[in-house]
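Per-entry structural report
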Amino acid sequence: MEVIHKDPLLILEQYGLKKTNVRKLVLEVFLSVNHALSQPTVEETLGFVENRVTIYRVIKDMEAAGIIHRVVHLNGTVLFALCSDCSVHKHSHDQHVHFTCTNCDKIYCLDYFQLPDIEHPKGFQIETIYLNATGLCQNCNK
């Protein structure tokens, strides 16, 4: 994941979102890690109990804007990860491989493994493709 800048207020501005304190704090959480996070983990990392609905809406707004993207864990849990390009206002579908560590259970985006175009039957429209790899991350593989 390669983010050209890590200024949360600048990212929010470029993506057309209001620069509220809660949005800034939530984005700082995503900028501070290199793996996907669940909403409860974001709440726990913030260290204070903000209204869960507010955190949910902030995450949904950031996902809709293209700042973060949805990652589905192999167990069905929904997590979110920072999109690889938070420097240009573009909505990326982030169609890449997600790597789940079988030891620490963290999910990493493998942005350099882009998925090929997939032919689909006439009348079908593909919106999302999930491709998961599993194994040991570099920290657990030491």
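Up top is the structure.
None of the values given here were measured: they were computed from a predicted structure. Every chain's residues receive numbers from 1 upward, in the order its sequence appears when written. At least 70 in pLDDT is required for a residue's local features to be given in this predicted model, at least 80 for side-chain atom pairs to be given and counted, and no such filter applies to totals for whole chains, interfaces and linings, which use all residues. Hydrogen atoms and water are omitted, and side-chain values are computed over all heavy atoms in the structure.

1. Some thoughts on the environment of H73
Only DSSP runs of H or I with at least four residues qualify as helices, and only runs of E with at least two residues qualify as strands; both kinds are numbered from the N terminus onward. With respect to the helices, strands and loops of the structure, H73 is situated in the loop between β1 (68-72) and β2 (78-82). The sequence separation of H73 and F99 amounts to 26 residues, and the corresponding C-alpha distance is 9.6 Å. Residues are treated as being in contact if the distance between any of their heavy atoms lies within 4.5 Å. The contacts of H73, once residues within four sequence positions are left out, are L79, T100, D105 and I107. A distance of 2.9 Å separates a polar side-chain atom of H73 from the backbone nitrogen of N75. Under the rule applied, a polar contact is a pair of N or O atoms within 3.5 Å (in protein, one hydrogen donor and one hydrogen acceptor; residues adjacent in sequence only if both atoms are side-chain atoms).

2. Quick look at the environment of E28
Structurally, E28 is set in helix α2 (residues 21-31). Taking the C-alpha atoms as reference, E28 lies 8.4 Å from D7; in sequence the two are 21 residues apart.

3. What about the nonpolar core?
Counting 22 residues, the largest nonpolar core has V26, L27, F30, V42, M62, I67 and I68 as its most contacted members. At the level of elements, α1 (8-14), α2, α3 (39-46), α4 (52-65) and β2 are the ones that each hand at least two residues to this core. Residue contributions to this core peak at six residues, all from α2. For F30, the contacting residues outside a window of four places in its chain are L37, V42, I68, F80, A81 and L82. Throughout this description, the term nonpolar core refers to a set of buried Ala, Val, Leu, Ile, Met, Phe, Trp, Tyr and Cys residues connected via side-chain atoms within 4.5 Å. Per-residue accessibility, obtained with a 1.4 Å probe over protein chains only, is compared with the maximum for each type, and a residue is labelled buried under 20%, exposed over 50%, and partly exposed between these values. Of all hydrophobic cores here, the second largest spans seven residues; its members include V97, F99, C101 and L115.

4. Things to note about α4
An ideal rise of 1.5 Å per residue puts 20 Å on 14 residues; α4 measures up with 20 Å between its terminal C-alpha atoms. Taken together, the buried positions of α4 are occupied by I55, V58, I59, M62, E63 and A65. Elements that come into contact with the buried residues of α4 comprise α1, α2, α3, β1 and β2. Measuring from the side-chain oxygen of the N-cap residue of α4 to the backbone nitrogen of V53 gives 2.8 Å; that N-cap residue is N51. Residue G66 follows α4 closely and has a positive phi angle near 95°. A helix's residues, less one, multiplied by 1.5 Å, set its expected span.

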